Amino acid sequence: MTQPERRTPARRAVLGAAGAAVLGGSTVLAGGTAQAVQSAVAADPGARGSGHGHGYRSLPVPTVIAHRGASGYRPEHTLGSYQLALDMGAHVVEQDLVPTKDGHLVCRHENDITGTTDVADHPEFASRRTTKTVDGTPLTGWFTEDFTLAELKTLRAKERIPATRQENTLYDGRWTVPTFEEVLRWAEEEGRRRGREVWLHVETKHPTYFRSLGLGLEERLAGLLRRYGRHRANSPVFLQSFEPGSIQRLARLVDSPRVVLLSAASSRPWDFVQAGDPRTVADLVKPEGLRWIASYAQGIGPTLDLILPRDASGRLGTETTLVRDAHAEGLILHPYTQRNENGFLPAEYRRGTDPNAYGDAFGALKRFFATGIDGIFSDNADTALLAAADFRDR
């Protein structure tokens, strides 16, 4: 079945953008949305900050972090997705890191690449399909740690949620899975071309699991950061993880700013589970938990529900004290994730009955920004940038 035509001008304009991005390449945005975003940035001094040489405190507030790149418009974690996000004006571009069998760090949201590559179409890798337990969850598919980098590079990336983002499937097969070193080189070249630093937000995925396989992430990541000069306290990079132990390990290796990601209140970080630490996220968002995080990190990345919980109907409820409490400990907040589609929005901001159609994303962002958060992860950086400009102009 064909999805209904998107009625949002932003969607149509961005889909009209040129898409091919390789190392050093550029995507030229077409249409009113790109011009509107660029005009908003040019007109707003608060939007122009790049953090150049002055660290994360010099970034614009609210900071717009392109979640897996421009993943609302291109297959996630591809150079095309990263390039489009940067061309839109995103302040920071996110990468998630997992290792290959031979120890290279590559950009995938998960080590299970069944849904994000064409691996299932490669008969030579049919025997690699297997079942593994990752962080307590059994998964069946193909996994990066079973492929060398050379083998992984024979695959092509594809859209992860094609039923929701059918237009993105146009770009299936266009890009390979990038290594983090390729992204660092891309960021260097784009920084030279633009005359400003390109900020990255880098997550270690399943670090305890990979360490148990002899594929520790932190040392490999720290080595690359040092090689490319992003290991200092004012370097244009955030390091993030859902496992506090990974951030503590990174704090001993590099001085780059660090963020602890926080999932649902009832959940426990996997390294806590493995170590027998009984604390839950609900404990970590209390003042004493935030004080502990502030002893080795500069920020937190909570799910938005920890700031604005939703009730049984999916509507936003009463704001918690998390923003105030985190700020009291000197922590910044980069919550996740803003998306434009109805299916991801709070109930009061949905428009119509199609879960894949765009709702009132601007209204939702206005509510999110009003809490005092320092930034937000967004699949739709263009939307978030315009909403951030509106918020600063209020």
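Worth saying up front: this structure is predicted, and the values here are computed from it rather than measured.

Procedures and definitions
- Residues numbered from 1 in each chain as written.
- Predicted model: local features only at pLDDT ≥ 70, side-chain atom pairs only at ≥ 80, totals over all residues.
- Heavy atoms only, no water.
- Helix = DSSP H or I, 4+ residues; strand = E, 2+ residues; numbered from the N terminus.
- Buried < 20%, exposed > 50% of the residue type's maximum accessible area, 1.4 Å probe, protein only.
- Contact = heavy atoms within 4.5 Å.
- Arc of directions from axis to C-beta.
- Core = buried A, V, L, I, M, F, W, Y, C linked by side-chain atoms within 4.5 Å.
- pLDDT = per-residue confidence, 0-100.
- Expected span 1.5 Å × (residues − 1).
- Phe/Tyr/Trp six-rings, centres within 6.5 Å; stacked < 30°, edge-to-face > 60°.
- Lys NZ or Arg CZ within 6 Å of the ring centre and 35° of its normal.
- Salt bridge = Lys/Arg side-chain N within 4 Å of Asp/Glu carboxyl O.
- Axes fitted to C-alpha atoms, helices over the stretch in contact; angles between N-to-C directions.
- Parallel < 35°, antiparallel > 145°, perpendicular 65-115°, else oblique.
- Left-handed = near helix turned anticlockwise from the far one by under 90°.
- Nonpolar A, V, L, I, M, F, W, Y, C, P; charged D, E, K, R; others polar.
- Pairing = 2+ DSSP bridges.
- Polar contact = N/O pair within 3.5 Å; in protein donor to acceptor, adjacent residues only side chain to side chain.

Comments concerning the overall build of the protein chain
What the protein chain contains, in helices and strands, is 15 helices and 11 strands. Across the 394 residues that make up the protein chain, the buried fraction comes to 57%. In the protein chain, once contacts between residues fewer than 6 apart in sequence are set aside, the share between residues at least 24 apart is 67%.

Examining helix α8 (residues 217–227)
By the burial criterion, the buried members of α8 are L217, E218, L221, A222, L224 and L225. Axial view of α8: buried residues confined to an arc of 165 degrees, hence all on one face. One or two positions beyond α8, positive phi appears at G229, with a value near 70 degrees.

Concerning the nonpolar core
In this structure, F180, W186, L200, L221, I300 and F368 are the most contacted members of the largest nonpolar core, which totals 86 residues. Grouped together as the second largest cluster of nonpolar side chains are 11 residues, I65, V92, F238 and I332 included.

Notes on the confidence of the model for the protein chain
Do not read the predicted coordinates in detail wherever pLDDT is low. Here the protein chain averages 90 in pLDDT, and 87% of its residues register 70 or above. Contacts of residues 1–51 to residues separated by more than four positions or lying in other chains number 117 contacts, the stretch itself having pLDDT below 50.

What to know about helix α6 (residues 180–194)
Because the α-helix completes a turn every 3.6 residues, residues three or four places apart line up on one side. In this model, α6 (15 residues) spans 21 Å end to end at C-alpha, consistent with the 21 Å of a helix rising 1.5 Å per residue. Within the sequence span of α6, burial applies to F180, E182, V183, L184, W186, A187, E190 and G191. Just beyond α6, the residue with positive phi is G195, at close to 75 degrees.

Things to note about the packing of aromatic side chains
Counted by the stated rule, this structure contains 10 aromatic pairs. On the basis of an interplanar angle of 40 degrees and a centroid distance of 5.3 Å, the ring pair of W199 and F238 is categorised as tilted. Of this pair, W199 sits in strand β6 (residues 199–204) while F238 sits in strand β7 (residues 237–241), and the two are 39 residues apart along the sequence. For the pair W199 and F238, one class covers both residues: buried. Cluster of aromatic residues (ring-pair linked, three or more members): Y56, W199 and F238. Sitting over the face of the ring of W175, R174 holds its NZ or CZ atom 6.0 Å from the ring centroid.

Let's talk about the side chain of D325
In this structure, D325 sits in helix α13 (residues 322–328). The class of D325 is buried, set by a relative accessible area of 15%. Setting aside chain neighbours within four positions, we find D325 in contact with P287 and L290.

Overview of the pattern of salt bridges
Summed over all chains, the structure comprises 27 salt bridges. Measuring nitrogen to oxygen at the nearest pair gives 2.9 Å for the salt bridge that ties E182 to K153. With a gap of 29 residues between them, E182 in helix α6 and K153 in the loop between α5 (149–152) and α6 connect regions that are remote in the sequence. We classify E182 as buried; its relative accessible area is 17%. The class of K153 is partly exposed, set by a relative accessible area of 25%.

Topic: the packing of helix α4 (residues 79–88) against α6
One can describe the packing of α4 onto α6 by two numbers: an axis separation of 12 Å at closest approach and a directional angle of 25 degrees. The angle between α4 and α6 places the two elements in the roughly parallel class. The way α4 lies across α6 gives a crossing that is right-handed. Mapping the contact onto sequence places L79, Y82, Q83, L86 and D87 in α4 and V183, W186, E190, R193 and R194 in α6. For the contact of α4 with α6, the per-class residue count stands at 5 nonpolar, 1 polar and 4 charged.

Focus on the pairing of strand β1 (residues 63–66)
Burial along β1 is two-sided: T63 and I65 and V64 and A66, pointing in opposite directions, are all buried. As paired strands, β1 and strand β11 (residues 375–378) are joined by 4 bridges and run parallel to one another. Residue pairing across strands places A66 opposite S378, the latter belonging to β11. When β1 meets strand β2 (residues 92–99), the two strands line up parallel, connected through 2 bridges. Looking across to β2, one finds that A66 is bridged to V93.

Section: the side chain of T204
Examined against the element boundaries, T204 turns out to sit in strand β6. By relative accessible area, T204 is classed as buried at 2%. A polar contact of 2.9 Å, which involves the side chain of T204, links it to the side chain of S246. Ignoring sequence-local partners within four residues, the contact set of T204 consists of L97, L217, L221, Q240, S241, S246 and L250.

As for the environment of A297
Relative to the helices and strands, A297 resides in the loop between α12 (287–294) and β9 (299–302). With relative accessibility at 4%, the residue A297 sits in the buried group. Spatially, the C-alpha atom of A297 lies 7.7 Å from that of A251, the residues being 46 residues apart in sequence.

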